[in-house]
Amino acid sequence: MEERFTAALHNAARCWRQALDRHLKSLGVGQAGWMAIAMIAKAGQPQSQTELAHMLGVEDPTMMSMIDRLVKAGFVTRQPSATDRRVKLAVLTADGLALYRKVKAEADAFRIEFLAEVDKEKLRSATEMLEALNAAVEARL
């Protein structure tokens, strides 16, 4: 049963991201880009490349390439850290913040439409179970 759960969890997350990515394609940024922009925006403060890589579950070199593309597109700037001159912090530009707001609005509408037919009690139970699972995994890291 646990193996079936793991496969279902992985496939559901992958399918969700792919469906949302197709829905957001018109905004001109791919899944990795909008996920990075969303993480920066949700953090509420500038994030280092390493912090973003950890949040997104990718390696530092992958995150550096993503930040390079976002900088080139004008969505992110790099600022030096006040506490460590080796560290550069990713900060959303005005265009990046505007894109985040569009992505969030589109993603919220997609989620509401997609989950409209799901039983609310089952959704609540599944959400609580996934939050508990996330907490358990994070506690072991």
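Preceding this paragraph is the structure being described.
Residues numbered from 1 in each chain as written. Predicted model: local features only at pLDDT ≥ 70, side-chain atom pairs only at ≥ 80, totals over all residues. Heavy atoms only, no water.

### Brief notes about the sheet that holds strand β2 (residues 76-80)
Taken in spatial order, the three strands line up as β1-β3-β2 in an open sheet, and their pairing is antiparallel. Where the open sheet ends on each side, the last strands, each with one partner, are β1 (47-48) and β2. Examined bridge by bridge, β1 and strand β3 (residues 88-92) share two bridges and lie antiparallel to one another. Each residue of the ladder has a partner; that of Gln47, found in β3, is Ala90. In the packing of helix α2 (residues 31-43) onto the sheet, the strands contacted are β1, β2 and β3, and the crossing angle to β3 comes to about 95°. (Pairing = 2+ DSSP bridges. Helix = DSSP H or I, 4+ residues; strand = E, 2+ residues; numbered from the N terminus. Contact = heavy atoms within 4.5 Å. Axes fitted to C-alpha atoms, helices over the stretch in contact; angles between N-to-C directions.)

### Some points on the packing of helix α3 (residues 49-56) against helix α4 (residues 60-73)
To characterise two packed helices, one gives the angle between the axes of the helices and the distance between these axes. The N-to-C vectors of α3 and α4 enclose an angle of 105°; their axes lie 9 Å apart at closest approach. Classed by the angle they form, the pair α3 and α4 counts as roughly perpendicular. Contacts from Gln49, Thr50, Leu52, Ala53 and Leu56 in α3 reach Asp60, Pro61, Met63, Met64 and Ile67 in α4. Residue classes in the contact of α3 with α4 are distributed as seven nonpolar, two polar and one charged. (Parallel < 35°, antiparallel > 145°, perpendicular 65-115°, else oblique. Nonpolar A, V, L, I, M, F, W, Y, C, P; charged D, E, K, R; others polar.)

### Brief notes about the layout of surface pockets
As a volume, the largest pocket reaches approximately 2,200 Å³. For the largest pocket, the lining is made up of 46 residues, of which Ala13, Trp16, Arg17, Leu130 and Asn134 are closest to its centre. Per-class residue counts for the lining of the largest pocket are 31 nonpolar, six polar and nine charged. (1 Å grid on protein atoms, 1.4 Å probe; cavity = no way out; pocket = protein on both sides within 12 Å on 5 of 7 lines; lining within 4 Å. Points joined across faces, edges and corners; volume = space filled by probe spheres on them.)

### Observations regarding a nonpolar patch on the surface
Where nonpolar side chains cluster on the molecular surface, the patch consists of Phe5, Leu9, Met129 and Leu130 and spans about 300 Å² of accessible area. Of all elements in the fold, only α1 (2-24) and α6 (120-140) reach the threshold of two or more residues within the nonpolar patch. Mapped onto the elements of the fold, Leu130 is located in helix α6. (Patch = residues over 30% accessible without salt bridge, like charges linked within 9 Å, V, L, I, M, F, W, Y side chains within 5 Å. Areas by Shrake-Rupley, 256 points an atom, 1.4 Å probe, with all protein chains shown as cover. Salt bridge = Lys/Arg side-chain N within 4 Å of Asp/Glu carboxyl O.)

### Brief notes about the side chain of Ser81
Position of Ser81 among the secondary structure elements: in the loop between β2 and β3. One polar contact links the side chain of Ser81 to the main-chain amide nitrogen of Thr83, over a distance of 3.1 Å. Reaching out from Ser81, the side chain makes a polar contact with the backbone nitrogen of Asp84 at a distance of 3.2 Å. Filtering out sequence-adjacent residues up to four positions away, Ser81 remains in contact with Val87 and Leu89. (Polar contact = N/O pair within 3.5 Å; in protein donor to acceptor, adjacent residues only side chain to side chain.)

### What about the nonpolar core?
Soluble, globular proteins show a tendency: their nonpolar side chains are buried together. The biggest cluster of nonpolar side chains holds 25 residues, and the ones touching the most others in it are Ile37, Met63, Leu70 and Val76. Apart from the residues within four sequence positions on either side, Ile37 is in contact with Leu70, Phe75, Leu92, Gly96, Leu99 and Tyr100. (Core = buried A, V, L, I, M, F, W, Y, C linked by side-chain atoms within 4.5 Å. Buried < 20%, exposed > 50% of the residue type's maximum accessible area, 1.4 Å probe, protein only.)

Any functional reading would require information that these geometric values do not contain.
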